[in-house]
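# Remarks on the overall topology
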Amino acid sequence: MAQPLTRINRLERELHLRQLQVRRLLQITQAINNNVSAGDLFHMYRSFLSSELGVREMALFVRESERDERWQLATSIGVDNLPTDLDYADELQRLKRPGTINEPDHPLFCHFEHVVPVLHKERPIAFILIGRFTDEEDMFERVQIITTISNVIAVAIENKRLFRRQIEQERLEADLDLGAKVQGMLIPKELPTNDFYELSAIYRPKLGVGGDYFDYREFGDGKLVFCIGDFTGKGVSAALLMANFQANFHTLIRKRANLHDFVTEINESVYRITNGDRFVTFFVAEYDRRAHQLHYVNAGHPPAVLVSEHTFQLLDKGTTVLGSIDELPVLEVGTVDLPPQALIVTYTDGLTDLQSAAGETFEEEILHQFARRQHYRSASLFNENLLAKLEEFRQDNAYPDDLTILTCRIFGE
(Lines give C-alpha, C1' and ligand atoms only; values in the text may rest on other atoms or scores of the structure.)
Protein backbone atom coordinates (compact mmCIF):
# COMPACT_ATOMS: atom_id res chain seq x y z
CA MET A 1 0.00 0.00 0.00
CA ALA A 2 3.00 2.34 0.52
CA GLN A 3 3.77 2.79 -3.20
CA PRO A 4 0.28 3.96 -4.28
CA LEU A 5 0.24 6.45 -1.40
CA THR A 6 3.59 7.88 -2.47
CA ARG A 7 2.31 8.30 -6.00
CA ILE A 8 -0.89 9.92 -4.74
CA ASN A 9 1.13 12.29 -2.55
CA ARG A 10 3.30 13.25 -5.50
CA LEU A 11 0.23 13.94 -7.65
CA GLU A 12 -1.33 15.97 -4.87
CA ARG A 13 1.83 18.07 -4.50
CA GLU A 14 1.99 18.63 -8.25
CA LEU A 15 -1.69 19.58 -8.30
CA HIS A 16 -1.09 22.01 -5.44
CA LEU A 17 1.78 23.64 -7.31
CA ARG A 18 -0.30 23.98 -10.46
CA GLN A 19 -3.15 25.53 -8.49
CA LEU A 20 -0.65 27.99 -6.99
CA GLN A 21 0.58 28.83 -10.47
CA VAL A 22 -2.91 29.44 -11.80
CA ARG A 23 -3.90 31.61 -8.82
CA ARG A 24 -0.75 33.71 -8.99
CA LEU A 25 -0.98 34.06 -12.75
CA LEU A 26 -4.54 35.33 -12.33
CA GLN A 27 -3.48 37.78 -9.61
CA ILE A 28 -0.54 39.05 -11.62
CA THR A 29 -2.65 39.39 -14.76
CA GLN A 30 -5.25 41.40 -12.85
CA ALA A 31 -2.50 43.58 -11.41
CA ILE A 32 -1.08 44.18 -14.89
CA ASN A 33 -4.56 45.05 -16.20
CA ASN A 34 -4.93 47.49 -13.31
CA ASN A 35 -1.62 49.09 -14.38
CA VAL A 36 0.12 48.63 -11.05
CA SER A 37 3.65 49.93 -10.83
CA ALA A 38 6.72 47.91 -11.69
CA GLY A 39 7.72 48.05 -8.03
CA ASP A 40 4.43 46.44 -6.96
CA LEU A 41 4.79 43.72 -9.62
CA PHE A 42 8.29 42.93 -8.38
CA HIS A 43 6.99 42.78 -4.81
CA MET A 44 4.27 40.28 -5.79
CA TYR A 45 6.83 38.24 -7.71
CA ARG A 46 9.32 38.16 -4.84
CA SER A 47 6.64 37.30 -2.27
CA PHE A 48 5.31 34.41 -4.36
CA LEU A 49 8.74 32.90 -4.95
CA SER A 50 9.78 33.27 -1.33
CA SER A 51 6.68 32.31 0.68
CA GLU A 52 4.93 29.87 -1.63
CA LEU A 53 7.69 28.27 -3.70
CA GLY A 54 10.33 28.29 -0.98
CA VAL A 55 13.05 30.08 -2.97
CA ARG A 56 15.91 31.08 -0.66
CA GLU A 57 18.13 32.89 -3.20
CA MET A 58 16.98 34.66 -6.33
CA ALA A 59 17.99 37.64 -8.45
CA LEU A 60 15.96 39.13 -11.30
CA PHE A 61 17.88 41.31 -13.78
CA VAL A 62 16.10 43.50 -16.35
CA ARG A 63 17.36 45.94 -18.98
CA GLU A 64 17.84 49.52 -17.88
CA SER A 65 16.46 50.63 -21.25
CA GLU A 66 15.56 49.15 -24.59
CA ARG A 67 18.41 50.88 -26.39
CA ASP A 68 21.42 49.69 -24.41
CA GLU A 69 22.91 46.50 -23.02
CA ARG A 70 23.07 47.58 -19.39
CA TRP A 71 21.25 45.48 -16.79
CA GLN A 72 19.92 46.36 -13.37
CA LEU A 73 18.93 44.21 -10.43
CA ALA A 74 15.15 44.58 -10.27
CA THR A 75 14.49 42.43 -7.20
CA SER A 76 16.18 39.68 -5.19
CA ILE A 77 15.82 37.23 -2.32
CA GLY A 78 18.55 36.30 0.15
CA VAL A 79 21.46 37.90 -1.75
CA ASP A 80 22.34 41.31 -0.39
CA ASN A 81 26.02 41.18 -1.21
CA LEU A 82 26.08 40.94 -5.01
CA PRO A 83 29.14 42.61 -6.57
CA THR A 84 28.49 46.18 -7.71
CA ASP A 85 31.59 46.57 -9.90
CA LEU A 86 30.76 43.67 -12.24
CA ASP A 87 29.82 44.17 -15.88
CA TYR A 88 26.50 42.32 -15.76
CA ALA A 89 26.01 42.68 -19.52
CA ASP A 90 29.02 40.53 -20.39
CA GLU A 91 28.31 38.00 -17.66
CA LEU A 92 24.60 37.53 -18.38
CA GLN A 93 24.72 37.59 -22.17
CA ARG A 94 26.68 34.34 -22.25
CA LEU A 95 23.81 32.54 -20.50
CA LYS A 96 21.84 31.82 -23.64
CA ARG A 97 19.61 28.98 -22.46
CA PRO A 98 17.84 27.84 -19.28
CA GLY A 99 19.88 25.41 -17.24
CA THR A 100 22.01 24.80 -14.21
CA ILE A 101 24.90 26.98 -13.06
CA ASN A 102 28.04 25.39 -11.70
CA GLU A 103 30.51 28.19 -11.10
CA PRO A 104 31.29 28.15 -7.35
CA ASP A 105 34.17 30.64 -7.72
CA HIS A 106 32.34 33.22 -9.79
CA PRO A 107 31.58 36.46 -7.85
CA LEU A 108 27.97 36.53 -9.14
CA PHE A 109 27.02 33.00 -10.13
CA CYS A 110 28.41 31.38 -6.98
CA HIS A 111 25.14 32.31 -5.24
CA PHE A 112 22.91 30.44 -7.70
CA GLU A 113 22.19 27.04 -9.19
CA HIS A 114 19.75 27.77 -12.04
CA VAL A 115 19.39 30.44 -14.75
CA VAL A 116 16.27 31.27 -16.78
CA PRO A 117 16.69 33.78 -19.65
CA VAL A 118 13.46 35.53 -20.66
CA LEU A 119 13.28 36.30 -24.38
CA HIS A 120 11.03 38.74 -26.20
CA LYS A 121 11.18 38.52 -29.98
CA GLU A 122 14.33 36.39 -29.62
CA ARG A 123 16.05 39.11 -27.58
CA PRO A 124 16.79 38.70 -23.85
CA ILE A 125 14.81 41.12 -21.72
CA ALA A 126 15.39 39.51 -18.32
CA PHE A 127 17.50 36.92 -16.52
CA ILE A 128 16.35 35.02 -13.42
CA LEU A 129 19.07 33.46 -11.30
CA ILE A 130 17.80 30.93 -8.75
CA GLY A 131 19.66 29.44 -5.80
CA ARG A 132 18.48 26.98 -3.18
CA PHE A 133 14.93 26.06 -2.13
CA THR A 134 13.77 25.43 1.45
CA ASP A 135 12.33 22.17 0.17
CA GLU A 136 14.19 20.34 -2.58
CA GLU A 137 11.12 18.25 -3.52
CA ASP A 138 9.49 18.95 -6.89
CA MET A 139 12.34 21.27 -7.82
CA PHE A 140 11.85 20.74 -11.56
CA GLU A 141 8.17 21.72 -11.33
CA ARG A 142 9.04 24.75 -9.19
CA VAL A 143 11.60 25.98 -11.71
CA GLN A 144 9.02 25.56 -14.47
CA ILE A 145 6.49 27.62 -12.52
CA ILE A 146 9.13 30.31 -11.86
CA THR A 147 9.90 30.36 -15.57
CA THR A 148 6.23 30.90 -16.48
CA ILE A 149 5.65 33.61 -13.86
CA SER A 150 8.93 35.32 -14.70
CA ASN A 151 8.03 35.47 -18.39
CA VAL A 152 4.73 37.16 -17.58
CA ILE A 153 6.38 39.68 -15.25
CA ALA A 154 9.28 40.44 -17.59
CA VAL A 155 7.07 40.92 -20.64
CA ALA A 156 4.75 43.18 -18.62
CA ILE A 157 7.72 45.33 -17.54
CA GLU A 158 8.99 45.44 -21.12
CA ASN A 159 5.54 46.53 -22.33
CA LYS A 160 5.52 49.28 -19.71
CA ARG A 161 8.88 50.45 -21.01
CA LEU A 162 7.65 50.39 -24.61
CA PHE A 163 4.52 52.27 -23.58
CA ARG A 164 6.60 54.94 -21.84
CA ARG A 165 8.74 55.22 -24.94
CA GLN A 166 5.60 55.63 -27.08
CA ILE A 167 4.36 58.38 -24.75
CA GLU A 168 7.75 60.09 -24.93
CA GLN A 169 7.70 59.81 -28.72
CA GLU A 170 4.21 61.29 -28.89
CA ARG A 171 5.29 64.09 -26.56
CA LEU A 172 8.31 64.75 -28.75
CA GLU A 173 6.16 64.80 -31.86
CA ALA A 174 3.74 67.20 -30.19
CA ASP A 175 6.69 69.36 -29.17
CA LEU A 176 8.01 69.38 -32.71
CA ASP A 177 4.57 70.12 -34.13
CA LEU A 178 4.08 73.06 -31.78
CA GLY A 179 7.60 74.28 -32.50
CA ALA A 180 6.96 74.03 -36.25
CA LYS A 181 3.76 76.07 -35.91
CA VAL A 182 5.52 78.74 -33.86
CA GLN A 183 8.44 78.80 -36.25
CA GLY A 184 6.16 78.94 -39.26
CA MET A 185 4.87 82.26 -37.98
CA LEU A 186 8.39 83.64 -37.62
CA ILE A 187 9.90 82.83 -41.00
CA PRO A 188 8.95 85.37 -43.74
CA LYS A 189 6.45 83.98 -46.23
CA GLU A 190 7.40 86.48 -48.94
CA LEU A 191 10.66 88.22 -49.71
CA PRO A 192 11.08 91.59 -51.48
CA THR A 193 11.89 91.99 -55.15
CA ASN A 194 12.20 95.41 -56.79
CA ASP A 195 14.43 97.36 -59.18
CA PHE A 196 17.20 97.69 -56.60
CA TYR A 197 17.48 94.32 -54.84
CA GLU A 198 16.00 90.85 -54.57
CA LEU A 199 15.96 88.41 -51.65
CA SER A 200 15.44 84.66 -52.05
CA ALA A 201 15.69 81.86 -49.49
CA ILE A 202 16.01 78.08 -49.20
CA TYR A 203 14.69 76.93 -45.83
CA ARG A 204 14.68 73.23 -44.86
CA PRO A 205 14.51 72.40 -41.14
CA LYS A 206 15.66 68.83 -40.60
CA LEU A 207 12.87 67.78 -38.18
CA GLY A 208 10.13 70.12 -39.30
CA VAL A 209 11.36 72.60 -36.72
CA GLY A 210 14.97 73.63 -36.31
CA GLY A 211 17.27 76.34 -35.08
CA ASP A 212 17.77 78.27 -38.33
CA TYR A 213 16.32 81.75 -38.75
CA PHE A 214 16.30 84.50 -41.35
CA ASP A 215 14.50 87.82 -41.61
CA TYR A 216 14.58 91.25 -43.24
CA ARG A 217 13.30 94.80 -42.82
CA GLU A 218 12.81 97.49 -45.48
CA PHE A 219 12.87 101.21 -44.73
CA GLY A 220 11.46 104.21 -46.53
CA ASP A 221 14.87 105.82 -47.00
CA GLY A 222 15.88 103.00 -49.37
CA LYS A 223 17.78 100.87 -46.87
CA LEU A 224 17.36 97.10 -46.54
CA VAL A 225 18.41 95.06 -43.49
CA PHE A 226 18.55 91.28 -43.78
CA CYS A 227 19.88 88.63 -41.42
CA ILE A 228 20.39 84.92 -40.91
CA GLY A 229 21.03 82.99 -37.69
CA ASP A 230 21.45 79.55 -36.21
CA PHE A 231 20.17 78.90 -32.67
CA THR A 232 21.39 76.12 -30.43
CA GLY A 233 18.70 73.58 -29.59
CA LYS A 234 15.61 72.25 -31.33
CA GLY A 235 11.87 71.99 -30.81
CA VAL A 236 9.72 74.37 -28.81
CA SER A 237 12.65 75.75 -26.78
CA ALA A 238 14.47 76.89 -29.93
CA ALA A 239 11.25 78.20 -31.45
CA LEU A 240 10.45 80.27 -28.32
CA LEU A 241 13.97 81.68 -28.21
CA MET A 242 13.63 82.47 -31.90
CA ALA A 243 10.29 84.20 -31.30
CA ASN A 244 11.84 86.41 -28.64
CA PHE A 245 14.84 87.11 -30.89
CA GLN A 246 12.59 88.07 -33.79
CA ALA A 247 10.64 90.48 -31.59
CA ASN A 248 13.89 92.08 -30.42
CA PHE A 249 15.23 92.20 -33.98
CA HIS A 250 12.28 94.22 -35.26
CA THR A 251 12.07 96.41 -32.14
CA LEU A 252 15.75 97.29 -32.08
CA ILE A 253 16.24 97.69 -35.83
CA ARG A 254 13.38 100.22 -35.93
CA LYS A 255 15.40 102.47 -33.64
CA ARG A 256 17.64 103.04 -36.70
CA ALA A 257 20.78 102.92 -34.62
CA ASN A 258 24.02 101.84 -36.27
CA LEU A 259 24.77 98.12 -36.53
CA HIS A 260 27.32 98.31 -33.71
CA ASP A 261 24.71 99.44 -31.19
CA PHE A 262 22.07 97.13 -32.65
CA VAL A 263 24.23 94.00 -32.25
CA THR A 264 25.33 95.07 -28.76
CA GLU A 265 21.72 95.42 -27.62
CA ILE A 266 20.47 92.22 -29.23
CA ASN A 267 23.34 90.29 -27.62
CA GLU A 268 22.30 91.65 -24.24
CA SER A 269 18.70 90.60 -24.84
CA VAL A 270 19.68 87.01 -25.75
CA TYR A 271 22.00 86.75 -22.75
CA ARG A 272 19.31 88.10 -20.45
CA ILE A 273 16.90 85.35 -21.55
CA THR A 274 19.32 82.41 -21.66
CA ASN A 275 21.84 83.46 -18.98
CA GLY A 276 24.57 82.23 -21.30
CA ASP A 277 23.24 78.67 -21.60
CA ARG A 278 22.16 79.14 -25.22
CA PHE A 279 23.55 81.19 -28.06
CA VAL A 280 22.99 82.10 -31.70
CA THR A 281 25.39 82.56 -34.58
CA PHE A 282 24.22 85.56 -36.54
CA PHE A 283 24.92 87.58 -39.67
CA VAL A 284 23.22 90.92 -40.28
CA ALA A 285 23.74 93.33 -43.18
CA GLU A 286 22.37 96.75 -44.07
CA TYR A 287 22.29 97.75 -47.74
CA ASP A 288 22.17 101.48 -48.42
CA ARG A 289 21.15 101.77 -52.06
CA ARG A 290 21.78 105.52 -52.22
CA ALA A 291 25.37 105.18 -51.04
CA HIS A 292 25.59 101.77 -52.68
CA GLN A 293 27.30 100.44 -49.56
CA LEU A 294 26.90 97.35 -47.43
CA HIS A 295 27.46 97.47 -43.68
CA TYR A 296 27.52 94.13 -41.89
CA VAL A 297 28.37 92.24 -38.69
CA ASN A 298 29.24 88.55 -38.60
CA ALA A 299 28.68 87.10 -35.10
CA GLY A 300 30.34 83.69 -35.22
CA HIS A 301 28.44 82.70 -38.35
CA PRO A 302 29.83 81.10 -41.53
CA PRO A 303 31.18 84.03 -43.60
CA ALA A 304 28.76 85.34 -46.21
CA VAL A 305 30.01 85.47 -49.79
CA LEU A 306 30.03 88.70 -51.80
CA VAL A 307 30.65 88.06 -55.48
CA SER A 308 30.44 90.03 -58.71
CA GLU A 309 32.11 89.95 -62.11
CA HIS A 310 35.43 91.23 -60.75
CA THR A 311 34.97 90.87 -56.99
CA PHE A 312 35.02 88.01 -54.52
CA GLN A 313 35.02 88.69 -50.79
CA LEU A 314 34.18 86.83 -47.58
CA LEU A 315 32.22 88.96 -45.11
CA ASP A 316 33.86 87.84 -41.87
CA LYS A 317 34.28 91.00 -39.79
CA GLY A 318 32.22 91.18 -36.61
CA THR A 319 32.25 89.52 -33.22
CA THR A 320 31.68 86.26 -31.36
CA VAL A 321 28.39 84.37 -31.08
CA LEU A 322 25.49 86.19 -29.42
CA GLY A 323 24.14 85.29 -26.01
CA SER A 324 27.10 83.39 -24.55
CA ILE A 325 28.44 86.43 -22.64
CA ASP A 326 26.72 89.62 -21.50
CA GLU A 327 29.25 92.01 -23.00
CA LEU A 328 30.91 91.40 -26.35
CA PRO A 329 34.71 91.73 -26.06
CA VAL A 330 35.14 93.14 -29.56
CA LEU A 331 32.72 94.22 -32.26
CA GLU A 332 33.76 95.39 -35.72
CA VAL A 333 31.30 96.58 -38.33
CA GLY A 334 32.42 95.74 -41.86
CA THR A 335 31.80 98.22 -44.68
CA VAL A 336 31.94 97.40 -48.39
CA ASP A 337 31.58 99.72 -51.37
CA LEU A 338 29.55 97.54 -53.71
CA PRO A 339 30.25 97.04 -57.40
CA PRO A 340 27.40 97.96 -59.80
CA GLN A 341 26.02 94.41 -59.71
CA ALA A 342 26.60 92.06 -56.75
CA LEU A 343 25.39 88.80 -55.23
CA ILE A 344 25.51 88.15 -51.48
CA VAL A 345 25.08 84.54 -50.31
CA THR A 346 24.50 83.77 -46.64
CA TYR A 347 23.94 80.29 -45.26
CA THR A 348 23.96 78.10 -42.14
CA ASP A 349 26.39 75.25 -41.49
CA GLY A 350 23.84 72.68 -42.64
CA LEU A 351 25.16 73.48 -46.13
CA THR A 352 28.80 72.63 -45.46
CA ASP A 353 27.86 69.62 -43.28
CA LEU A 354 26.21 67.96 -46.28
CA GLN A 355 27.95 64.76 -47.41
CA SER A 356 28.10 62.84 -50.65
CA ALA A 357 27.70 59.08 -50.97
CA ALA A 358 31.51 58.84 -50.92
CA GLY A 359 31.67 60.68 -47.59
CA GLU A 360 32.94 63.97 -49.02
CA THR A 361 31.57 67.18 -47.50
CA PHE A 362 30.20 70.15 -49.42
CA GLU A 363 33.13 72.36 -48.47
CA GLU A 364 33.09 76.15 -48.56
CA GLU A 365 35.37 76.20 -51.58
CA ILE A 366 32.73 74.31 -53.60
CA LEU A 367 30.21 77.03 -52.75
CA HIS A 368 32.73 79.75 -53.56
CA GLN A 369 33.47 78.34 -57.01
CA PHE A 370 29.76 77.87 -57.67
CA ALA A 371 29.04 81.48 -56.67
CA ARG A 372 31.77 82.75 -58.99
CA ARG A 373 30.18 80.91 -61.92
CA GLN A 374 26.62 81.96 -61.06
CA HIS A 375 27.17 85.54 -59.84
CA TYR A 376 25.13 87.08 -62.66
CA ARG A 377 21.96 85.12 -61.82
CA SER A 378 18.95 86.51 -60.02
CA ALA A 379 18.72 85.50 -56.36
CA SER A 380 15.88 83.07 -57.00
CA LEU A 381 17.58 81.43 -59.98
CA PHE A 382 20.88 81.22 -58.10
CA ASN A 383 19.15 79.40 -55.24
CA GLU A 384 17.32 77.12 -57.65
CA ASN A 385 20.59 76.13 -59.32
CA LEU A 386 22.37 75.75 -55.99
CA LEU A 387 19.66 73.48 -54.66
CA ALA A 388 19.91 71.31 -57.77
CA LYS A 389 23.67 71.04 -57.19
CA LEU A 390 23.12 70.06 -53.55
CA GLU A 391 20.65 67.36 -54.57
CA GLU A 392 23.10 66.00 -57.12
CA PHE A 393 25.91 66.10 -54.57
CA ARG A 394 24.11 64.31 -51.74
CA GLN A 395 22.27 61.73 -53.90
CA ASP A 396 20.52 59.46 -51.36
CA ASN A 397 22.19 60.96 -48.28
CA ALA A 398 19.93 62.83 -45.90
CA TYR A 399 20.54 66.42 -44.92
CA PRO A 400 22.46 66.14 -41.61
CA ASP A 401 21.15 69.38 -40.15
CA ASP A 402 18.85 72.30 -40.81
CA LEU A 403 19.64 74.00 -44.11
CA THR A 404 19.03 77.69 -44.75
CA ILE A 405 20.38 79.85 -47.56
CA LEU A 406 19.47 83.53 -47.90
CA THR A 407 20.66 85.16 -51.11
CA CYS A 408 20.53 88.87 -51.88
CA ARG A 409 20.92 90.18 -55.43
CA ILE A 410 21.97 93.86 -55.68
CA PHE A 411 21.01 95.46 -58.98
CA GLY A 412 22.32 98.96 -58.26
CA GLU A 413 20.91 102.14 -59.78
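Everything below is about the structure shown above.
Here's a quick rundown of the structure. (Residues numbered from 1 in each chain as written. Predicted model: local features only at pLDDT ≥ 70, side-chain atom pairs only at ≥ 80, totals over all residues. Heavy atoms only, no water.)

### Some points on the nonpolar core
Note the cut-off: Each nonpolar core is a collection of buried residues, namely Ala, Val, Leu, Ile, Met, Phe, Trp, Tyr and Cys, held together in the definition by side-chain atoms within 4.5 Å. Categorising residues by exposure relies on relative accessible area from a 1.4 Å probe, with only protein chains included: less than 20% of the type maximum marks a residue as buried, more than 50% marks it as exposed, and the intermediate range marks it as partly exposed. Any two residues whose heavy atoms approach within 4.5 Å are treated as being in contact.
Counting residues in each nonpolar core, the largest one holds 48 residues, and the members touching the most others are F226, F262, F282, V284, L294 and L315. Those residues within four positions of F282 in sequence are excluded, and the remaining contacts are C227, I228, G229, F245, F249, F262, V297, N298, A299, H301 and L322. Counting residues in hydrophobic clusters, the runner-up holds 26 residues, among them L53, V62, A126 and I145.

### Regarding the packing of aromatic side chains
Selection criterion: By convention, a stacked pair of Phe, Tyr or Trp rings (six-membered ring in the case of Trp) has centres within 6.5 Å and planes under 30 degrees apart, an edge-to-face pair has planes over 60 apart, and any other such pair is tilted. The helix and strand labels rest on DSSP assignments: H or I over at least four residues marks a helix, E over at least two residues marks a strand, and numbering proceeds from the N terminus. The rule for a charge over a ring is simple: NZ of Lys or CZ of Arg within 6 Å of the ring centre, and within 35 degrees of the ring normal.
Under the defined criterion, the tally for this structure stands at 11 aromatic pairs. Measuring from ring centre to ring centre gives 5.8 Å for F283 and Y296, while their planes differ by 25°; the resulting arrangement is stacked. With F283 in strand β9 (residues 280-288) and Y296 in strand β10 (residues 293-299), the pair connects residues that are 13 residues apart, well separated along the chain. The buried category is assigned to Y296, whose relative accessible area is 1%. Each member of the aromatic cluster is reached from another via a ring pair, and the members are Y213, F231, F245 and F282. Positioned above the aromatic ring of F196, the side-chain terminus of R289 is 3.9 Å from the ring centre.

### A look at a negative patch on the surface
So the rule is basically this: The residues that make up patches have over 30% relative accessible area and no salt bridge, and they are joined within 9 Å when like-charged or within 5 Å when they are Val, Leu, Ile, Met, Phe, Trp or Tyr. A 1.4 Å probe and the Shrake-Rupley method give the accessible areas. Residues count as covered only by the protein chains that appear here. Salt bridge, as used here, is a side-chain nitrogen of Lys or Arg placed within 4 Å of a carboxyl oxygen of Asp or Glu. The positive count covers Lys and Arg only, the negative count covers Asp and Glu only, and His and the chain ends enter neither. For the purpose of locating charges, the reference atoms are NZ of Lys, CZ of Arg, CG of Asp and CD of Glu.
A contiguous patch of negative charge on the surface is contributed by E360, E363, E364 and E365. As for its placement among the helices and strands, E365 is situated in helix α7 (residues 364-374). The exposure class of E365 is partly exposed, given its relative accessible area of 42%.

### Thoughts on the sheet that holds strand β16 (residues 403-410)
What counts, and what does not: Note: two strands are recorded as paired if DSSP finds a minimum of 2 bridges between them. Angles run from 0 to 180 degrees between N-to-C directions of axes, and those axes are lines fitted to C-alpha atoms, restricted for helices to the stretch in contact.
Spatially, 5 strands are ordered β6-β16-β15-β11-β12 in an open sheet, and the strand pairing comes out antiparallel. Of all the strands in the sheet, just β6 (197-204) and β12 (312-315) have a single pairing partner and so form its edges. With direction set aside, neighbouring strand axes in the sheet form an average angle of 15°. Summarising the sheet, strand β15 (residues 342-347) and β16 pair through 6 bridges and their orientation is antiparallel. Its bridge partner lying in β16, L343 is registered against R409. With respect to the sheet, α7 is in contact with β11 (304-307), β12 and β15, its orientation differing from that of β11 by roughly 30°. Packing against the sheet, helix α8 (residues 379-394) makes contact with β6, β15 and β16, and its axis sits at approximately 25° to β6.

### Examining the packing of α7 against α8
To keep it simple, the criterion reads: Note on angle classes: values under 35 degrees are labelled roughly parallel, values over 145 roughly antiparallel, values of 65 to 115 roughly perpendicular, and the remainder oblique. Handedness of a crossing follows from how the near helix is turned relative to the far one, being left-handed for an anticlockwise turn of less than a right angle and right-handed for a clockwise one. As a working rule, the residues Ala, Val, Leu, Ile, Met, Phe, Trp, Tyr, Cys and Pro are called nonpolar, Asp, Glu, Lys and Arg charged, and the rest polar, with Gly in that last group.
Two numbers describe how α7 lies on α8: the axes approach to 11 Å, and their chain directions differ by 140°. Taken together, the axes of α7 and α8 lie oblique to each other. Crossing hand, α7 versus α8: right-handed. Between α7, through I366, L367, F370, A371, R373 and Q374, and α8, the contact on the second element is made entirely by F382, N385, L386, K389 and F393. Grouping the amino acids of the contact of α7 with α8 by side-chain chemistry returns 7 nonpolar, 2 polar and 2 charged.

### Some thoughts on helix α6 (residues 259-274)
Defined as follows: Here, expected helix span is obtained from the residue count minus one, scaled by 1.5 Å. Working definition: the arc comes from the directions between the helix axis and the C-beta atoms, pointing outward to the latter. As used in this structure description, the phrase polar contact means that two N or O atoms lie within 3.5 Å; if the pair is within protein, one of them must be able to donate a hydrogen and the other to accept it, and residues adjacent in sequence are counted only when both atoms belong to side chains.
Between its first and last C-alpha atoms α6 spans 22 Å; for 16 residues at 1.5 Å apiece the expected length is 22 Å, and the two agree. Within α6, the full set of buried residues consists of L259, F262, V263, I266, N267, S269, V270 and T274. All buried residues of α6 project into a common sector of 160° when viewed along the axis, lining one side. Of the residues flanking the start of α6, the one acting as N-cap is N258, its side-chain oxygen 3.1 Å from the backbone nitrogen of H260. Following α6 by one or two positions, N275 has its phi on the positive side, about 55°.

### Some words on the pattern of salt bridges
Tallied over the full model, the rule gives 3 salt bridges. The residue E265 makes a salt bridge to K255 at a minimum N-O spacing of 2.8 Å. Taken together, the residues span a long stretch of sequence, with E265 in helix α6 and K255 in the loop between α5 (235-253) and α6 at a distance of 10 residues. Exposure remark for E265: the relative accessible area of 26% places this residue in the partly exposed category.

### Digging into the side chain of T404
Within the secondary structure, T404 sits in strand β16. At 2.9 Å, the side chain of T404 and the side chain of D212 are in polar contact. Among all residues touching T404, those that are not within four sequence positions of it are I202, Y203, D212, F214, I228, T346, Y347 and T348.

### Some points on the pairing of β11
Covered by surrounding structure in β11 are A304 and L306 together with V305 and V307, the residues of both alternating faces. Both β11 and β12 contribute to a ladder of 4 bridges, which runs antiparallel. Bridge assignment links A304 to a residue of β12, and that residue is L315. Joining the antiparallel neighbours β11 and β12 is a turn of 4 residues.

### Details of α7
Buried within α7 we find L367, H368, F370, A371 and Q374. Along the long axis of α7, the arc covered by the buried residues comes to 165°, so they all point the same way. Against β11, β12, β15 and α8 lie the buried residues of α7.

### A closer look at unusual backbone geometry
The residue N275 is not glycine, and still its phi comes out positive at about 55°. Looking at the element boundaries, N275 is found in the loop between α6 and β9. According to the relative accessible area criterion, N275 is exposed, its value standing at 53%. Even without glycine at this site, Q395 takes up a positive phi of about 55°.

Bear in mind that shape data such as this cannot, by itself, settle questions of function.
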